[in-house]
Structure formats: C-alpha cells, structure tokens
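A closer look at the structure
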Amino acid sequence: MMNFTRRGLLQSTAAISAAGSLNRIVTAQAAAEPPGTSEHAAPGPRETLLLDFGWRFHLGHAQDPARDFGFGLSQKTYAKSGAGVSDAAAPTFDDSGWAKIDLPHDWAVALPFVPSANADPKAEEDPRAEHGFKPLGREYPETSIGWYRRSFAVPASDLGRRLSLAFDGVFRDCMVVLNGHIVATQSSGYVPFDADITDFVNYGGTNTLVVRVDATLGEGWYYEGAGIYRHVWLVKTDAVHAVRDGTVVRSAVNAGGAQLSLSSEVVNRSDTPKTCQMRFAIEAPNGSQVRTASVTAIVAPGQTKMFEKQLTLAAPQLWSLESPALYALAADVLADGRVTDRITTTFGIRTIRFDPALGFFLNGKPVKLKGTCNHQDHVGVGSALPDRIHAFRIEKLKEMGSNAYRTAHNPPAPELLDACDRLGMLVIDETRTMSSDAEGIGQLTRMIRRDRNHPSVILWSIGNEEQAQQGTELGARIARSMKQVCTALDPTRPITAAMDHEWGKGISPVLDVVGFNYRTDQIEPFHRQFPQQATIGTETGSTVSTRGCYVRDDAKGYVVAYDTEFPSWASTAEAWWSIVADRPYIAGGFVWTGFDYRGEPTPFNKWPSVSSQFGIMDTCGFPKDNYYYYQAWWQDRPVVHLLPHWNWPGREGQAIKVWCHSNLDSVELFLNGQSQGVRKVVANTHVEWEVPYRAGAIEAKGYRNGALVASDRRETTGPAASIRLSADRQTIDANGEDVAMLMVEIVDAQGRVVPDAADSIVFRITGPGVVIGVGNGDPSSHEPDKASQRRAFNGLCAAIVQASRQPGPIRIEATAPGLASAAIVVAAQPAAQRPYVA
Ligand code: GAL
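Our focus in this paragraph is the packing of aromatic side chains. The final tally for this structure, using the stated rule, is 31 aromatic pairs. Taking the centre distance of 4.9 Å and the plane angle of 55° together, the rings of Phe57 and Tyr148 count as tilted. Here Phe57 is found in strand β3 (residues 55-59), whereas its partner Tyr148 is found in strand β5 (residues 145-154), with 91 residues between them in sequence. Judged by its relative accessible area of 9%, Phe57 is buried. With a centroid separation of 5.4 Å and an interplanar angle of 75°, the aromatic rings of Phe516 and Phe526 are classed as edge-to-face. Taken together, the positions of Phe516 in strand β27 (residues 513-517) and Phe526 in helix α6 (residues 523-529) put the pair 10 residues apart, joining distant regions of the chain.

Moving on: the packing of helix α4 (residues 438-451) against helix α5 (residues 473-489). Across the interface, α4 lies against α5 with an axial gap of 10 Å and an inter-helix angle of 25°. By the angle class used here, α4 and α5 are roughly parallel. Here the hand of the crossing between α4 and α5 comes out right-handed. Contacts between α4 and α5 involve Ile441, Leu444, Thr445, Ile448 and Arg449 from the former and Met482, Val485, Cys486 and Leu489 from the latter. Residues of the contact of α4 with α5, tallied by class, amount to seven nonpolar, one polar and one charged.

Next up on the list: the confidence of the model for the protein. Across the protein, the average pLDDT comes to 93, with 94% of residues at 70 or higher. Mean pLDDT across the elements of the protein ranges from a minimum in helix α1 (residues 2-12), with 32, to a maximum in strand β24 (residues 426-430), with 99. Here residues 1-43 scores under 50 on pLDDT; set against residues more than four positions off or in separate chains, the count is 129 contacts.

Within the secondary structure, Ile698 sits in strand β35 (residues 697-704). Residues Ile698 and Asp712 lie 14 residues apart in sequence; the distance between their C-alpha atoms is 8.5 Å. Each residue touching Ile698, except ones within four places of it in the same chain, is listed here: Leu642, Pro644, Trp646, Val658, Leu669, Phe670, Leu671, Asp712, Arg713 and Arg714.

Thresholds applied
- Residues numbered from 1 in each chain as written.
- Predicted model: local features only at pLDDT ≥ 70, side-chain atom pairs only at ≥ 80, totals over all residues.
- Heavy atoms only, no water.
- Phe/Tyr/Trp six-rings, centres within 6.5 Å; stacked < 30°, edge-to-face > 60°.
- Helix = DSSP H or I, 4+ residues; strand = E, 2+ residues; numbered from the N terminus.
- Buried < 20%, exposed > 50% of the residue type's maximum accessible area, 1.4 Å probe, protein only.
- Axes fitted to C-alpha atoms, helices over the stretch in contact; angles between N-to-C directions.
- Parallel < 35°, antiparallel > 145°, perpendicular 65-115°, else oblique.
- Left-handed = near helix turned anticlockwise from the far one by under 90°.
- Contact = heavy atoms within 4.5 Å.
- Nonpolar A, V, L, I, M, F, W, Y, C, P; charged D, E, K, R; others polar.
- pLDDT = per-residue confidence, 0-100.

Below, the structure is given as structure tokens:
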C-alpha cells in the first residue's frame, strides 16, 4: 500500500485554526426597487468590490527576521495596535521596490524547479517530488514566505457601515494586517475567510493592508501553490445586512411543482432593535420575476435572525446536464422600512438520489457518473487561475463526455462551481481535513455554507484515504460528527468519503455513498455483502501516459500513451470502465485524473519528472489518446481515433502497435491504401493491429450498420516548416481578467502536425494584452511558466493571454528560428467591469 508511507502523515493531520465564515453570494451593486413597492429605491446599500488589482509583493524569510521585514523581532505576534508586528505593516513603509502584481497570484509557479540536494539516486521516490520540486519548505526559508501590500482609500461617508475583507483562498497560514492591526489569521489554504475591518478603518483616509503568507508547510501531497491565489473582495454593507453564506434555497419537486424553502440570515449590528422585512423575489432562468414573498421580524442589536419562507413554483424548469437552468433569488432586507441590503443567490431546481441497487438519479432519471478527479493547478498560472480557466477546463471535460468532477482533495475556487452550474457538470465537493476537531469542522462548515446552493454539487466528501480513520472506530466517531454537521447545514445531499481499503469497517457504514479509490473489482463483493449501501468509484483508472509518446523513456521520464501503463494500485481505463459501465448499482466513477497536475510525478517519482502523468489531458489541457477512449464510451457521437503517429524513420519493416479508440461496430485499418484487416469493436474496449512500418499513411475507417461513418488518418510528415497558432476564443472581455487560451502546433509544409517537434516558440504581443503564462505538457520540463517563450513538446505548446481593461485588438505573433511564423488577433471587446477597488 504505497499511499501509506507517502501520505499517511499529511492526510491524517488536522492541524489548523478556524476563522470567521465568509460567503460567496453573488451580490448586486445597487438594490433595485423591491418587488411590490414603489418606495425605498435607495441605491447600493451593499458594495462588493474586487480587491485584486494593484498589489505589491516581496518574498520574506522564514528564519531570519531581518529579511522578513522585522516580523517576530519584537515577539509582538499579536500586537493589537501599532505596526509592531512588522516593519512592512507600518503605513509609512516604502514598498516602491516591491514587485507590482495583480491577484490571483501564486508565487511558487514563478520559482525555479530545484532538485533535492541530498536525494538518494537509488531510492524509488524523492520526497520533494510531491510538491513538484518547488523550493518551498523549511529547507528554503528564503522562498517560503510572501508579503503582500496594498493601500486603499475609504471615504468618510462609509463611517457607520460594516466593512470587511473577503478572501476566497490563500495558500496558506496567513496573517492579515490593516493599519497595523491584525484583523485575521488563517491557516487553511483552501477555505474562504473574512476579516471584519469596520473598527480598524481609517475613514476619509488611506488604509494600509498587509498580508503575510507562510507556505513553509503544505496540506497535501501534490503541488499546492503559494500566495493569495484566489480573489479578495472589499465588502461594504449597512449595519443591518444579510449574513455571508446565510441564504439558502432548497427545493422539493413533485407533481405539484417545486416547493421552495427559502431562508436568509440577517444580522443587526446597529445599536437599536430593527423591524426587519425580508423580501424574496424569484427570477426564472429567462430573467423574469416569477414569485415574491416577504416576512417580517424584529432583530435585536447584535442578533442574527433567520427569515424563512416556503413557496411553490408550478412548472419549474429543472436544472439538468443538458439544460442547466439557473434561477436567482433576490433577497432584499428592509430595516424600519429602509432597504439596507440586497443579495442575489443563484440556484437550480433538481432532484438527486443515490439508489444502492440502481445507481444515481438526476430528476428521476438514471445518470451514470462519468467523472474525473482534479487538482486545481493549470499550466502557466499554477494555482492562481483566472476565472475563465476554470470554465475552459470544464468545457474540455464536457467535450470528452464527462459529466462529473471531484474536487480532489479540497474545497475548490467558487468560480469552478459557478462553471459547473452553468455548463452542466455534477460535483463531489471535498473538504481538506477529515477531523471533528474545531479546525476540521470549521473547514467543513465553511465549505458547505458557501457551496450548498450550487445545483451541480451532489455529494459532500468528508475525506480521502484517511489511513488512521477509515477502518477504525475512532474514524467512525469522527465521520458521525462530520455527518451531523453536513446534515444540519444541508439535509439535501448525501455524504461520501474516498476509501482505499477496509470497506465495510470503520467509517464505511457511516457513509451514505461508499467511495472506492481504485480496486474497482471490489465493489461487486461489497455490494453483495452490503446491498443497502450505495457505491461509487471515487478514484478510478488510472492510466499514466505522456501525450504523444509511444516509446517509454525512463531517463526522460516519459511513458507510452497506449492505455497500458498504470501503478500497482490502479488499472487501465478499459479495465475500470468495463466494470462500472455494466453494473447499474455502481453510481459511476471518477478517473484519477482529468488533467495532469504539478507534483506527485507518477510513474517517475523523482527528478527530472515534475508533473503527474495520470491525466487524460496534459497540464495544458491537450488531449492524450485516452481522451478519445472516454469520448468513445462516454458520449454518443461517432469516434474513430488512431494512434500512434506515423513517423518512425529507421524502423522500416518493424511491427508497430496500432490502436484505435472507436464506438462504431467495426474498424478497418489501411496502410498506404492496403487493408490490414477489419476489427469488430467490443463495447468499452479498443481495437488494435500490428503493422510493419512503412512511411506513408495509416487510416482507420469506422463502420456502423455497414456504412462508413467516420475515419482518422496519421501521415508520415515532412520536417517542421511553420507554426499554426489558434485561440479558444476570438473575442474576450477587456476587463483586466479574461484570458484567451492559445495553442501552437508545429506543422510541416502540408500543414500536418510534426509529432516530435520541439522548436522553441517566442510569443510577441502588440495591443492591450499580456502573456501570463506558457506551458507544453512535458512532465519533465523545467522551463519557466512565467515567460514569453516555450519549447514545443511533441509538436504542441500553449500560452495564456490576458486582456487589460483597454479594449482593442490583441495581436499575438509566434515565431521560431527556421519556421514560418504565425499571428492571430484576439479582440478585447469593451466589457462591463466588475466593481473594483482602484
Ligand atoms: C490516491 C490519492 C490521490 C493520488 C492517487 C495517485 O491514493 O487519493 O491523491 O495520490 O492516489 O494514484
């Protein structure tokens, strides 16, 4: 059990301290006229301002206070006033020499890859491989601490309002200082938190915000990044306002329509009791207002009160994978007749059910969960993803036929769930710390409160391969305590945990849906023994493969892209899917993983490998061959995909293994026009041939009911001649955040991708955009991601271009010595800015 040694400690460690709760409600900037009244059209009682732009950043030092801006010199770690905590916390501190950065920001991605100083070359694994060889940790004090500074003005007119800072996620162990006062500390790298700064603000003047982030320790066994890698918001409200994450919409669907239970928590931070009215208005997916309701109560000073209402919608539009219809609940708060707040919460109406005998049901219809597990990093940006990249990744998975996503092993960025809601992708939402201590419960609570209105979320996962808990009575006690919290906060979703052995023991009977990591063949005996418990493959597969690689090279860290290689605890794609596809009682499975990720560089767990190779796609999102296996068996369009490439000079006459992933009845293979035989396709498997190599072309023709339906070809290419450049979208928003995902293909004179091309591509931009990262999917590449050039890997590389706030054409040119260059234009169109702190 390799996971025991490698991860046992980290996975069972529940270490960290809890902090206040933060919401992720979509907030309206101005309260529109409340339904059913013509008075009180007061503008904007709540402001939610993006605080991402215009920060300064500098590395600190984990051991030397002098190089850590004096932090710790005075031992004033909890100074309640003044700037004694650090020189950098003083408003007068000169940060003009610090780097100018915008959030989201991951400083680790910009650090070099550093091999272990004392690695044992004979050892099978290098412990530093887990985090992707980035110099973080106690050995690297000079690159493990990050300091962020920013100042912002608050008008005198804000006095009397409540002001807070909302952090969506900081990796990790951070201290937030405003005007010299510590206003929050947070050790979790994954849950949102907020800092109520009302009492510390300099009204009518400048405010100095400083965040110290300590990424010395990690929380997982994979790349986790470092820094303020999700959004930060400045939130201003009236003293009487809706509590963050305190608004919930639940629905029950029956013949009479949808019964909606609405509830919203309101807090009165004024000094006098308030007669509060909560006005609910439901907006249909087309934007029309379909129902209103209101409820009134007195809220005492300092009190938080829940406002509840039941409503029936006669003919609701259900949220489904094909048609992810989203409703909105506008909740207006009135205090003594004055509108003091409005929040808008997006929700969907759907039913879910896990049936131990028949699997998962969405809206009463069986849906096999065709899922992937994923970590949160992407090429070029590490863990600091602009919002669009979350959607880009979900789109790629959907194109493959996937309908489900597991957020391994932590609560995701809120934008990931927004994308799943919008695009139609089901989610297992997983907490990081399986514990019933204050920290574990705090993380779980914040995850559920934040995420419980997302229709995409169908399961809460309380843990992953917790070696000390999963098979023990202690674990069962912890699981019961966590389940109680889940049920109290959200009685509508079942819970699961990902177990890798000891099913039937420990936490297993506590779970509503028992998760199987690998060992998919053990679900059947479990099901026979425990027919009353629903089952799911929480981790399945997983084939390790290098994109475009068909000859293993241990020294370089490359493994073949046929569906043949897998670690001892895992299986091929065909092996697990063949089991799950045919057994209705298994709700589905989640492949480990959809995308390659940094760190945990299996199967070569040491230098020079820096990324995992479990992905069905590489770190850029370029499909590997198994992508087409899943596409063939997870969706209905005809698929014929041929591998490998057909450039094998020097191997003339030698047998080459040729595979085809297809969902048609049969496939016939041709070499230079000569048939190599017809293969009947057996469901959930591939077909293959051995073909003596001759330059030219192989072609696969796929037939259904005797008719040619689809084909695929691989041709022996000429040498690299030119660059082909494309973008996922021709038009992006000029809002300082949106990105275009660029792909470079190196092609020969006839436009065919040269399968081993490795030319170094330089990206040049003119117009209002910048390259924020590059990559190529090579699991052993040590080239920087923060650069404007990248070598192609097996013919491809990627760049991410971000718009500024200036509209106009962004022209990107890609050049390489000896190749004809390419250029494209991405239009940055005028776009509404989300309100931000200037
Ligand atoms: C699992 C674990 C994952 C990943 C995977 C690699 O045991 O839950 O996080 O490490 O193994 O195969």
